[in-house]
Amino acid sequence: MKAISGKKQAFTFKLMRWGKHNDRKMPWKGERDPYKIWLSEIILQQTRVEQGMPYYERFVERYPTVGDLAGASDQEVFRMWQGLGYYNRCKNMLKAAREVCKTYGGLFPDTYNRILELPGIGEYTASAIASFAYHLSHAVVDGNVQRVLARFFGIQEAVNSPAGKKHFATLAREVLDESDPAAYNQAIMDFGATVCTPQRPACGDCPLQKECFAKQHQLTGTLPVKIPKAKPRTRYFSYVVVCYRGKTSLETYLHKRDSGDIWQNLHEFTLCEDEKFSDEKALLTETPVGLWLKGNPVGSLKWSKTYRQQLTHQVINARFLRIDLQKPVSAGLRGDYFPVPADRLNEYAFPRIIVRYLQDAKLLK
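Residue numbering note: each chain is counted from 1, following its sequence as written. Confidence filtering applies because this is a predicted model: local features only for residues at pLDDT of at least 70, side-chain atom pairs given and counted only at 80 or more, and all residues used for totals across whole chains, interfaces and linings. Only hydrogens and water are removed before side-chain values are computed, so all heavy atoms of the structure are retained for them.

A.B. asks: Would you mind showing me how to read the overall build of the protein here?
C.D. replies: Helix and strand counts for the protein stand at 16 helices and eight strands. A simple rule labels every residue: compare its accessible area, found with a 1.4 Å probe on the protein chains alone, to the largest value its type can have, and call it buried under 20%, exposed over 50%, or partly exposed in between. Looking at the protein as a whole, 47% of its 365 residues qualify as buried. Should any heavy atoms of two residues lie within 4.5 Å, those residues are counted as being in contact. A separation threshold of at least 6 residues defines the contact pool for the protein, and within that pool the share at least 24 residues apart is 68%. Every accessible area reported is derived by Shrake-Rupley at a probe size of 1.4 Å, with residue values counting cover from the shown protein chains alone. Accessible surface computed for the protein: about 18,600 Å², of which carbon and sulfur atoms make up 50%. Going along the chain from the N terminus, every DSSP run of H or I of four or more residues is numbered as a helix, and every run of E of two or more is numbered as a strand.

Structure representation (structure tokens):
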């Protein structure tokens, strides 16, 4: 039995007592299936619960087992993921599902170290699966947990510094209730999400307030300490949406984004990126569209409004120039672009910023 201080014992005892009466509802709460636990954790990485919940429910309905997910096509799964962002999560999710089927016969590994070896799984997710599915004594450490621990114990080290991460991981292990790690982990995460919130924590309803360092020293607005992030990079994307109305339907031209940048494996239109938005002349001469227009009269040109999307380290500003041609673009000129009927655009996965444009332009339902 581990020996911990009286304050740590009181913290664990009161938190577990609070957890018994915690009625926060989530579809994965109390789940013991490691596949569904893993799915929920991957979806909720860098995503709010309210946003991630409908995605989780759709994924579980469409892919009820890890084998169902592993057998789905990349394009289908990316389309299901569309709107969540951070598409590397989706790419690694597919890799992990296929690894589980290939190496473990479709059964999730039941040890922390083997779970941790799967693509896209870090220490937090491995701890969640190990504790919730297999009742193993591993403490989860996410932003909610760090905030609760920092305020209660008065930790001044930055949560995003190497020393701070090590400190919080050690403390989280010390206060873990090893007799019921799943209940403890659920309690501390829910407590951080509903009581010890980032802004306006409900200190008056908190069962830990008498021993809480931040409450006693009026530091709830200061703790936890974080090292400021670098200013995000601003980028300007000018897209050219080339359309041709054939005898039966309107079609446009897409290609798949390569690796090495954001939005890998998603689809987009012809793109010109510069330090500011490109003008019409540049788009019609300095992109593949310049070749497409030779001998192909333009029926109309129309600019969209400016769209903006905030990523973790980048801000994307995008404008779309729609060009309606009187003839289709010949296959020899298209390069890696391919025609897609407008009524089939919903079969392709796009970055969120392009989805917003397509919806406004009535090209996507």
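A.B. asks: I would appreciate a short explanation of the nonpolar core in the present structure.
C.D. replies: One recurring pattern in soluble globular proteins is that nonpolar side chains are buried together. The biggest cluster of nonpolar side chains holds 102 residues, and the ones touching the most others in it are Phe11, Trp38, Phe59, Leu69, Met93, Leu149 and Trp263. Sequence-distant contacts of Trp38, that is, excluding residues within four places in its chain, are made with Leu69, Met93, Ala96, Ala97, Phe108, Ile121, Thr125 and Ile129. Only buried Ala, Val, Leu, Ile, Met, Phe, Trp, Tyr and Cys residues count toward a nonpolar core, and they belong to the same one when joined by side-chain atoms within 4.5 Å. The next biggest cluster of nonpolar side chains, apart from the first, holds 14 residues, and it includes Val240, Cys272, Leu293 and Leu325.

A.B. asks: Please explain helix α10 (residues 162-175) as it appears in this structure.
C.D. replies: Because the α-helix completes a turn every 3.6 residues, residues three or four places apart line up on one side. To estimate the expected span of a helix, subtract one from its residue number and multiply by 1.5 Å. Its 14 residues give α10 an end-to-end C-alpha distance of 21 Å, which sits within 8% of 20 Å, the value for a rise of 1.5 Å per residue. All of the buried residues along α10 are Gly164, Phe168, Leu171, Ala172 and Val175. Down the axis of α10, the sector holding all buried residues measures 105 degrees, keeping them to one side. Opposite its buried face, α10 presents the exposed residues Pro162, Lys166 and Arg173, each directed more than 90 degrees away. Next to the buried residues of α10 lie α1 (6-20), α9 (143-153) and α11 (181-194). Here the arc refers to the set of directions running from the helix axis out to each C-beta atom.

A.B. asks: Got a minute to help me understand the packing of aromatic side chains in this structure?
C.D. replies: Given two aromatic rings, one states the distance between the centres and the angle between the planes to describe the pair. When the centres of two rings from Phe, Tyr and Trp lie within 6.5 Å, Trp using its six-membered ring, the rings pair. Their planes under 30 degrees apart give stacked, over 60 give edge-to-face, and anything left gives tilted. A complete count under the given rule lists 21 aromatic pairs for this structure. Relative to Phe108, the ring of Trp38 has its centre 5.4 Å away and its plane inclined at 50 degrees; by these criteria the two rings are tilted. Taken as a pair, Trp38 in helix α2 (residues 34-44) and Phe108 in the loop between α6 (87-104) and α7 (112-116) lie far apart in primary sequence, 70 residues in all. The same class applies to Trp38 as to Phe108, namely buried.

A.B. asks: Teacher, can you tell me more about a negative patch on the surface here?
C.D. replies: The patch calculation keeps residues exceeding 30% relative accessible area without a salt bridge and links them within 9 Å when they carry like charges or within 5 Å when they are nonpolar (Val, Leu, Ile, Met, Phe, Trp, Tyr). Salt bridges are counted wherever a side-chain nitrogen of Lys or Arg sits within 4 Å of a carboxyl oxygen of Asp or Glu. The charged-residue count follows a simple rule in which Lys and Arg add positive charge and Asp and Glu add negative charge, with His and chain termini not counted at all. All charge positions are set by atom: Lys at NZ, Arg at CZ, Asp at CG, Glu at CD. Among the surface-exposed residues, Asp274, Glu275, Asp279, Glu280 and Glu286 lie close enough to one another that they form a single negatively charged patch. Position of Glu286 relative to the elements: it lies in the loop between α13 (280-285) and α14 (289-292).

A.B. asks: When you look at helix α3 (residues 49-62) in this model, what are you seeing that I'm missing?
C.D. replies: Taking 1.5 Å per residue, 14 residues should reach 20 Å; α3 reaches 20 Å between its end C-alpha atoms and fits that length. For α3, every residue scored as buried is listed here: Val49, Gly52, Tyr55, Tyr56, Phe59 and Val60. Buried residues of α3, seen end-on, are gathered within an arc of 135 degrees and therefore sit on one face of the element. Exposed side chains of α3 directed beyond 90 degrees from the buried face belong to Glu50 and Glu61.

A.B. asks: Please clarify how the state of the cysteines should be interpreted in this entry.
C.D. replies: Note on terminology: a disulfide is the covalent bond linking the sulfur atoms of two cysteines. Here, the term disulfide refers to a pair of cysteine sulfur atoms separated by no more than 2.5 Å. Inspection of every chain in the model, using the stated rule, returns zero disulfides. Among the cysteines around Cys101, which has no disulfide bond, Cys90 carries the closest sulfur, lying 16 Å off. Here Cys212 stays free of any disulfide, with the sulfur of Cys206 as its closest cysteine sulfur at 6.3 Å.

A.B. asks: Looking at this model, I keep getting lost on the pattern of salt bridges. Mind explaining?
C.D. replies: If charged atoms from side chains of opposite charge come close, those side chains can pair. Tallying each qualifying case throughout the model produces 15 salt bridges. Of the charged contacts in the structure, one is a salt bridge between Arg24 and Asp190, with a shortest N-O distance of 2.9 Å. Taken as a pair, Arg24 in the loop between α1 and α2 and Asp190 in helix α11 lie far apart in primary sequence, 166 residues in all. Among the salt bridges present, the one from Arg257 reaches Asp261, with a minimum N-O distance of 3.2 Å. Note on Asp261: relative accessible area 30%, which makes it partly exposed. Among the ionic contacts, a cluster of salt bridges with common partners joins Arg233, Arg235, Arg257, Asp261, Glu268 and Glu273.

A.B. asks: Please explain unusual backbone geometry as it appears in this structure.
C.D. replies: Most peptide bonds are trans, and most residues other than glycine sit at a negative phi. The omega torsion across Leu223 and Pro224 is 0 degrees, close enough to zero to call that bond cis. Within the fold, Pro224 resides in the loop between α12 (213-216) and β1 (233-245). The backbone of Trp263 sits at a positive phi, close to 60 degrees, despite the residue not being glycine. Structurally, Trp263 is set in the loop between β2 (250-256) and β3 (267-268). For Trp263, a relative accessible area of 7% translates into the label buried. Of note in the backbone geometry, Lys362 takes a positive phi value of approximately 65 degrees without being a glycine. Examined against the element boundaries, Lys362 turns out to sit in the segment after α16 (352-360).

A.B. asks: Is there a simple way to explain the pairing of strand β6 (residues 307-310) in this structure?
C.D. replies: The two faces of β6 differ: Tyr307 and Gln309 on one face are buried, but Arg308 and Gln310 on the other face are not. Inspection of the sheet shows β6 paired to strand β7 (residues 314-325) by four bridges, in the antiparallel sense. Within β7, the residue paired with Tyr307 across the bridge is Ala318. At least two DSSP bridges between two strands are needed for those strands to be called paired. Counting the residues that bridge the hairpin from β6 to β7 gives three residues.

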